Amino acid sequence: MDREALIRRLEEITGPQGVISERNQLRTYECDGLANFRVVPSVVVLPETADQAQGVVRACHEAGVPFVARGSGTGLSGGALPVSDGVLIVLARMRRILEVDLDNQRAVVEPGVLNLQVTKEVAGDGFYYAPDPSSQQVCSIGGNVAENSGGAHCLKYGFTTNHVTGLEVVLPDGELVHLGGGKAPDPPGYDLLGAFVGSEGTLGIATTVTLRLLRKPEAVRTLLAAFEGTDQAGDAVSRIIGAGIVPAAIEMMDALAMEAAEAAVHVHYPEGAGAVLVVELDGPEAEVAHQFDEVERLCQEAGSTTIQIAEDDDQRALFWKGRKSAFAAVGRISPDYYVQDGVIPRTALPEVLRRITELADERGLRVANVFHAGDGNLHPLVLYDGEVEGQEQRAEELSAEILYTCLDHGGSITGEHGVGFDKKQYLPKQFSAEDLDTMQLVRCAFDPDGRANPGKVFPTPRLCGERPGPRRVHPVEQAGLAEVF
Amino acid sequence: MGTQELEQGGLVGPAPAGTAVDGVPVARLARPGSVEEASQVLRAAAEDGLAVVFAGGASKLGLGNPPERADLLVSSERLDQVLEHAAGDLVVRAQAGVRLADLQAALAPAGQWLALDPPEPRATVGGVVAANASGPRRLRYGTVRDLIIGITVVLADGTVAHAGGKVVKNVAGYDLAKLFCGSLGTLGMIAEVIFRLHPLPAAAAVVTLEVEEPAQAGRAVQRLLRSPLEPSAVELVVDEWGWPGRLTTVFEGIQPGVEAQATAAAELLGQVGSAAVAGPGQTDAALSQLGALPFEKAELAFKATFPPAELPAVLAELRGRGPLRWGGSLRAHAGTGVLWLASDAREGELPADSPAVPRMVGWVTEARERLAARGGGLVVVKAPPHLKGQVDAWGPAGDALGLMRRVKERFDPDRRMSPGRFVGGI
Ligand SMILES: Cc1cc2nc3c(=O)[nH]c(=O)nc-3n(C[C@H](O)[C@H](O)[C@H](O)COP(=O)(O)OP(=O)(O)OC[C@H]3O[C@@H](n4cnc5c(N)ncnc54)[C@H](O)[C@@H]3O)c2cc1C
Ligand SMILES: Cc1cc2nc3c(=O)[nH]c(=O)nc-3n(C[C@H](O)[C@H](O)[C@H](O)COP(=O)(O)OP(=O)(O)OC[C@H]3O[C@@H](n4cnc5c(N)ncnc54)[C@H](O)[C@@H]3O)c2cc1C
């Protein structure tokens, strides 16, 4: 089917207002939150219902055309980067909250619903939706599902995958299936819901999502503790975890990150602090009161220089604003920067931070560190100036070195931003060829023709017809004539 | 290399006389002691075209439909090492054959535990993952899928594959660990698992409520769930004699916290019936009883699942006058929509020629329809082989069954891994 025919077919499904094919308008969609990569899609289509979304996918299937799903386009790994000969399916118009069922503590929503919108909908009844990515005002639930997004409060409450209990999915051939039990637990069969969440749009399109709602905790208490440096702050984190306390969140920022956040939102961080921790406890009043005192004491024992306790919700919001605006704020102290996302076992923190400093020094670059300290998810922000000859390349190298450091310590190349387009070449550093082939088995079951978000996550997927099996050494390799990279 | 060569090496041998899985005899047994050996065994089995079934603690080998074929039983009993306990990171890596009770004992000195409490102490961690086993505290901690962060599996052709890792937060690659949760040996062998851990609670308090009838049970549970209280478990027991039943609410954490919560819960539940905070001795007794399923001697057992708010309706059907009237005991993880039923018929009391057998088959069909209408389902957890021949263990798996079959075909194209045990004959 040629492009014109496909456009006509898509217009029949969504109406002409749902299809964008003008080159200039298409440019709006050429990248996601990672602007380094840009591709103009062939067509953009904006379905308004699950039926339309299914029709669109079926039309792509019949035309043999690849497709990429897009929610709000805030992804930071190029996951929603279009493919030039493909259709970009934007779910942003599917924005209805279909059902709120407080007796079963569930909400059923369309994928374009914004993360924060869910909490707003149920806050009046004393409920909320737990996963809280910093982008929660703008990112979509569909994007959260695809990325298995996390947030500051995931230390205690888990990630998107722990809060999605049901999905309606359009498979790449247009078939509509329901995964997970929805409101009932333990559905019989394979946990395909678990496999779908975090699959970054490569297994199909989520058209309806059932979310778990939580009761708002009775008490929330937050403190901001300043330390001489990240070592002392890291020590405080170890003491808190070691005492058997599971805070709702423990976030750390180093001096450079504070400097940036201060410039943007005026939190009034203590002068001369080398690191701050934001520690939040929530839960039943009596428990929180008791453990909060203990956290305060443990911070002091670890050498905290000043401790500020949020007096009210406004001050708490300010502590969080400083933290959540840190990425963007770094723009105030550096013309350009990379946002890195890597994970290490929390106990390796001091060692890894030292190594990052060394690596940065070697390249004459600065790194601001903002991270989810409780679970070892680092977000080093590599600062550079694109105008200065060679800096961008060194910054890129440094970003990569940071990931290798994470892997050396038994960590991961991504804790929440996903592999997407950006990191697919690193995936084989974390997983063996056999591991990746095994993941590919899942891909082939869902998408044998490889049409859903092709070219993402996996560097060079096998074709689905190939029989994987244990990897055998090729005779050429064996003879020492070639190496496999 | 086929299994014959491995037999010479001692890795595969004849199974002890009488070895059977759900009534299906198995002739040969392999007991690999490492991931490499497991891979060798499965590769050899592939060479010989053998149908393979797996066993951990063999506590629940009867789960699922009887296998269509079973040539080789692969036991994880020699894979019994806790490989790494990173206490500071609240993470443990263990081989599949480690018994859950032994794992908990190894973690306890560090003040930690794996927050899973299925009632079967002999269960192995691999078996718990393969069967998606859970217990009362799932209300607070979730199930296996919420706690597993990494896995090593051996596939039908001997391929060893990993997914996830040693860090709790990790979105690199597909989450294969979840795919293997509850896969019951149909995708391959689980060789190693990595879990996130929780601090062991220092104190516990228990509140009990006598429950006269279904609607009251429903009200009590809804009140708890709507309150800011954070119970670890809310368990309902109705024994063979019928109402009244007992609702046990457990709080775990630090002493001042659990005391305050228990007092608040007793007051809250006091508005629905006669509730009381258990004394110290009673608390220990209640905790040791918690979640015990009286299935060992029952001839039949079922697991019903439904949206939690349907609890009173489901209870009314089971303990009312309608077609679902159930004579045995009931135990519910009342806050999560899981209800276990054990028959009052003891083991051996339902021979193939018993007139009760067709009644039971009819009951399962009826129960499935009614639960499905409420968004739930019913799994046959325990039944004599002759009954299993007449009812599917799982019931309908929904419109994703075709997709599940395609997953199975990719992982096990020759259908040799526990064939026939799973949903839809997978
Ligand atoms: C300032 C800022 C802060 C951020 N903070 C965090 C954070 O704290 N934690 C965190 O985890 N992430 C964070 N992110 C990353 C991003 O917001 C999340 O990944 C988010 O989930 C993406 O949602 P989206 O709607 O923008 O998805 P998009 O960017 O549009 O898409 C992301 C991926 O999801 C796929 N997709 C989208 N919708 C669907 C669907 N319905 N079905 C199937 N696949 C779909 C796309 O194909 C793509 O692969 C941040 C981003 C920014 C810009
Ligand atoms: C519907 C249902 C009902 C249950 N009922 C009960 C109950 O009444 N009481 C109770 O205590 N628990 C129950 N459980 C939980 C569960 O069966 C056991 O707690 C646990 O699986 C027993 O572990 P095991 O090591 O003894 O496993 P086994 O009994 O040895 O094996 C259980 C299943 O897992 C497979 N398996 C075991 N190890 C592996 C491995 N390493 N790799 C791949 N597959 C493997 C086996 O092939 C078998 O199918 C139930 C679970 C389900 C899903």
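Residues numbered from 1 in each chain as written. Chains lettered and ligands numbered in written order. Predicted model: local features only at pLDDT ≥ 70, side-chain atom pairs only at ≥ 80, totals over all residues. Heavy atoms only, no water.

## Topic: the overall build of chain A
The following threshold applies: Counting from the N terminus, the helices are DSSP H or I runs at least four residues long and the strands are E runs at least two residues long. Note that the radius of gyration is over C-alpha atoms, with the globule rule given as 2.2 Å times the number of residues to the power 0.38. Contacts are residue-level and defined by heavy atoms, with any inter-residue pair within 4.5 Å sufficient. Under the counting rule used here, the positive set is Lys and Arg, the negative set is Asp and Glu, and His together with the chain ends is not counted. Note that the charge is assigned to NZ on lysines, CZ on arginines, CG on aspartates and CD on glutamates.
Across its full length, chain A holds 17 helices and 19 strands. In terms of C-alpha radius of gyration, chain A reaches 23 Å, essentially the compact-globule figure of 23 Å for 485 residues. Expressed along its principal axes, the backbone C-alpha trace of chain A runs to roughly 70 × 65 × 45 Å. Counting contacts in chain A only where the partners sit at least 6 residues apart, residues at least 24 apart contribute 70% of the total. Positive and negative side-chain charges in chain A, numbering 42 and 71 respectively, have mean positions lying 4 Å apart.

## Digging into the site of ligand 1
Residues and elements named next belong to chain A. Note the threshold: One heavy atom suffices: a residue is near a molecule or strand as soon as one of its heavy atoms comes within 4 Å of it. Whenever a nitrogen or oxygen atom comes within 3.5 Å of another N or O atom, the pair is scored as a polar contact, on the condition that within protein one atom can donate a hydrogen and the other can accept it, and that pairs from neighbouring residues in sequence are kept only if both atoms are in side chains. Residue burial considers only the protein chains on display, and all accessible areas are found by Shrake-Rupley using a 1.4 Å probe. Residues are grouped as follows: Ala, Val, Leu, Ile, Met, Phe, Trp, Tyr, Cys and Pro are nonpolar; Asp, Glu, Lys and Arg are charged; every other residue, Gly included, is polar.
Near ligand 1 there are 32 residues, and of these Ala69, Gly71, Thr74, Ser135 and Ser140 occur at the shortest range. Here Glu200 contributes a backbone N or O atom positioned 3.3 Å from an oxygen atom of ligand 1. Burial of ligand 1 by the protein chains amounts to 93% of its free accessible area of 970 Å². Of all elements in the fold, only strand S3 (67-70), helix H5 (141-147) and strand S10 (205-212) reach the threshold of two or more residues within the shell around ligand 1. Looking at the shell around ligand 1, the element that brings in the most residues is H5, giving 5 residues. For the shell around ligand 1, the class distribution of residues is 10 nonpolar, 18 polar and 4 charged.

## A short note on the pattern of salt bridges
Stated precisely, the cut-off is as follows: Salt bridges, as used here, are contacts in which a Lys or Arg side-chain nitrogen is within 4 Å of a carboxyl oxygen on Asp or Glu. Residue burial is assigned from relative accessible area. The probe radius is 1.4 Å, only protein chains are included, and a residue is buried under 20% of its type maximum, exposed over 50%, and partly exposed in between.
Within the structure shown, the criterion is met by 49 salt bridges over all chains. The residue Asp235(A) makes a salt bridge to Arg239(A) at a minimum N-O spacing of 3.1 Å. Here Arg239(A) and Asp235(A) lie together in helix H8 (residues 230-242), a separation of 4 residues that amounts to about one turn. Classification of Arg239(A) by relative accessible area gives partly exposed; the value is 31%. When the shortest N-O distance is used, the salt bridge between Arg31(B) and Glu77(B) registers 3.5 Å. Of the two residues, Arg31(B) sits in the loop between strand S4 (28-30) and helix H2 (35-48) while Glu77(B) sits in the loop between strand S6 (72-75) and strand S7 (82-86), which places them 46 residues apart along the sequence.

## Quick word on the packing of aromatic side chains
The test is simple: Side-chain rings of Phe, Tyr and Trp (the six-membered ring for Trp) are treated as a pair once their centres are within 6.5 Å; stacked means planes under 30 degrees apart, edge-to-face means over 60, and tilted covers the remaining angles. A positively charged side chain is recorded as over a ring if its NZ (Lys) or CZ (Arg) lies within 6 Å of the ring centre. The angle to the ring normal must also be within 35 degrees.
For the coordinates displayed, the defined rule picks out 12 aromatic pairs over all chains. With a centroid separation of 5.4 Å and an interplanar angle of 90°, the aromatic rings of Trp113(B) and Tyr141(B) are classed as edge-to-face. One end of the pair, Trp113(B), is in strand S9 (residues 112-113); the other, Tyr141(B), is in helix H5 (residues 138-141), and 28 residues separate them in sequence. By relative accessible area, which is 10% here, Trp113(B) ends up buried. Ring pairs connect the aromatic residues Tyr190(A), Trp394(B) and Phe422(B), which therefore count as one cluster. A cation over a ring is seen here: Arg215(A) above Phe127(A), with NZ or CZ 5.9 Å from the ring centre. Over the aromatic face of Trp320(A) sits the side chain of Lys324(A), whose NZ or CZ is 5.8 Å from the ring centroid.

## Overview of empty space enclosed by the protein
Worth spelling out the cut-off: A pocket, in this scheme, is an open set of points on a 1 Å grid over the protein atoms alone with protein on both sides within 12 Å along at least 5 of 7 lines, while a cavity is a set where a 1.4 Å probe fits but cannot get out; residues line either one if an atom lies within 4 Å of a point. Grid points are joined across faces, edges and corners, and a volume is the space filled by probe spheres set on the points.
According to the stated counting rule, one finds 3 cavities of 30 Å³ or more in the structure shown. Roughly 290 Å³ of internal volume is contained in the largest cavity. In terms of lining residues, the largest cavity is bounded by 23 residues, among which Asn148(A), Val168(B), Asn170(B), Asp175(B) and Lys178(B) are the most central. Sorting the residues of the lining of the largest cavity by element identifies helix H6 (144-147) and strand S10 (148-154) of chain B as the ones contributing at least two each.

## Looking at the nonpolar core
Note the following rule: Residues belong to a common nonpolar core when they are buried Ala, Val, Leu, Ile, Met, Phe, Trp, Tyr or Cys residues joined through side-chain atoms within 4.5 Å.
Leu167(A), Leu179(A), Phe195(B), Phe302(B), Leu339(B), Leu341(B) and Trp363(B) are the most contacted members of the largest nonpolar core, which has 199 residues in total. Core analysis: the next-biggest nonpolar cluster, separate from the first, contains 28 residues, Ala273(A), Ala310(A), Trp320(A) and Leu381(A) among them.

## Remarks on unusual backbone geometry
All names here are of chain B. The peptide bond linking Trp243 to Pro244 adopts the cis configuration, its omega dihedral lying at 0°. Positive phi outside glycine occurs at Leu184, with the angle close to 55°. Summarising the element assignment, Leu184 is placed in the loop between helix H7 (176-180) and strand S12 (189-196).

## Looking at the pairing of strand S19 (residues 329-333) of chain B
All names here are of chain B. This is how the line gets drawn: Any two strands with at least two DSSP bridges between them are considered paired.
Of all 5 residues that make up S19, 5 are buried, and the element is covered over most of its length. Burial along S19 is two-sided: Ser329, Arg331 and His333 and Leu330 and Ala332, pointing in opposite directions, are all buried. One ladder, built from 4 bridges, connects strand S15 (residues 233-238) with S19; its direction is antiparallel. Looking at the pairing, Glu235 lines up with His333 of S19. Relative to strand S20 (residues 338-342), S19 is paired through 5 bridges, and the arrangement is antiparallel. Paired with His333 across the strands is Val338, a residue of S20. If you look at the hairpin formed by S19 and S20, you'll find 4 residues sitting between the two strands, and Gly337 has a positive phi there, around 80°.

## Topic: the domain arrangement of chain B
Residues and elements named next belong to chain B. Rule in force here: Start and end positions for the domains come from either an automated domain assignment or a database one.
Here chain B is described as being made up of domain 1 (82-199), domain 2 (203-289) and domain 3 (301-395). A C-alpha centroid distance of 29 Å is found between domain 1 and domain 2. Each side of the interface is counted separately: domain 1 has 4 residues, and domain 2 has 9 residues. On inspection of domain 1 and its partner domain 2, the count reaches 1 salt bridge. Linking Glu252 and Arg137 is a salt bridge whose minimum nitrogen-to-oxygen distance equals 3.0 Å. In this assembly, domain 1 and domain 2 are joined by 3 residue pairs in polar contact (both at pLDDT 80 or more). Among the residues making up the side of domain 1 that touches domain 2, the classes are represented as 2 nonpolar, no polar and 2 charged.

## What about the sheet that holds strand S2 (residues 43-45) of chain A?
Residue and element names in this part refer to chain A. Selection criterion: Here an angle of 0 to 180 degrees is reported between the N-to-C directions of two axes, which are lines fitted to C-alpha atoms, with helices fitted over the stretch in contact.
Pairing in this open sheet of 4 strands is mixed, and the strands run S1-S2-S4-S3 from one edge to the other. The open sheet has two edge strands, strand S1 (19-20) and S3, and neither has a second partner. Relative to S2, S1 runs antiparallel, the two being bridged by 2 bridges. In the strand pairing of S2, Val19 is matched with Val45. On top of the sheet, helix H1 (residues 3-14) reaches S1, S2 and strand S4 (87-90); it is set at about 10° to S2, its chief contact. Contacting S2, S3 and S4, helix H3 (residues 50-63) crosses the sheet at an angle of about 170° to S4.

## Digging into the environment of Leu91(A)
Residue and element names in this part refer to chain A. Residue position: Leu91 is located in the loop between S4 and strand S5 (97-101). Sequence spacing of Leu91 and Asp191 is 100 residues, and the spatial spacing of their C-alpha atoms is 25 Å. With residues near it in sequence (within four places) discarded, Leu91 still touches Pro47, Ala69, Arg70, Pro111, Gly112 and Ile205.

## Some remarks on the sheet that holds strand S21 (residues 377-382) of chain B
Residues and elements named next belong to chain B. Strand order in the open sheet formed by 8 strands is S17-S14-S16-S15-S19-S20-S18-S21, and the pairing between neighbours is antiparallel. Each having just a single partner strand, strand S17 (275-277) and S21 make up the two edges of the open sheet. Strand-to-strand, the axes of this sheet are offset by a mean angle of 20°, without reference to chain direction. Across 5 bridges, the pairing between S15 and strand S16 (residues 245-253) is antiparallel. Following the sheet pairing, Leu236 is matched in S16 by Leu247. Relative to the sheet, helix H12 (residues 356-373) contacts strand S18 (301-305), S20 and S21, its axis offset from that of S21 by approximately 145°.

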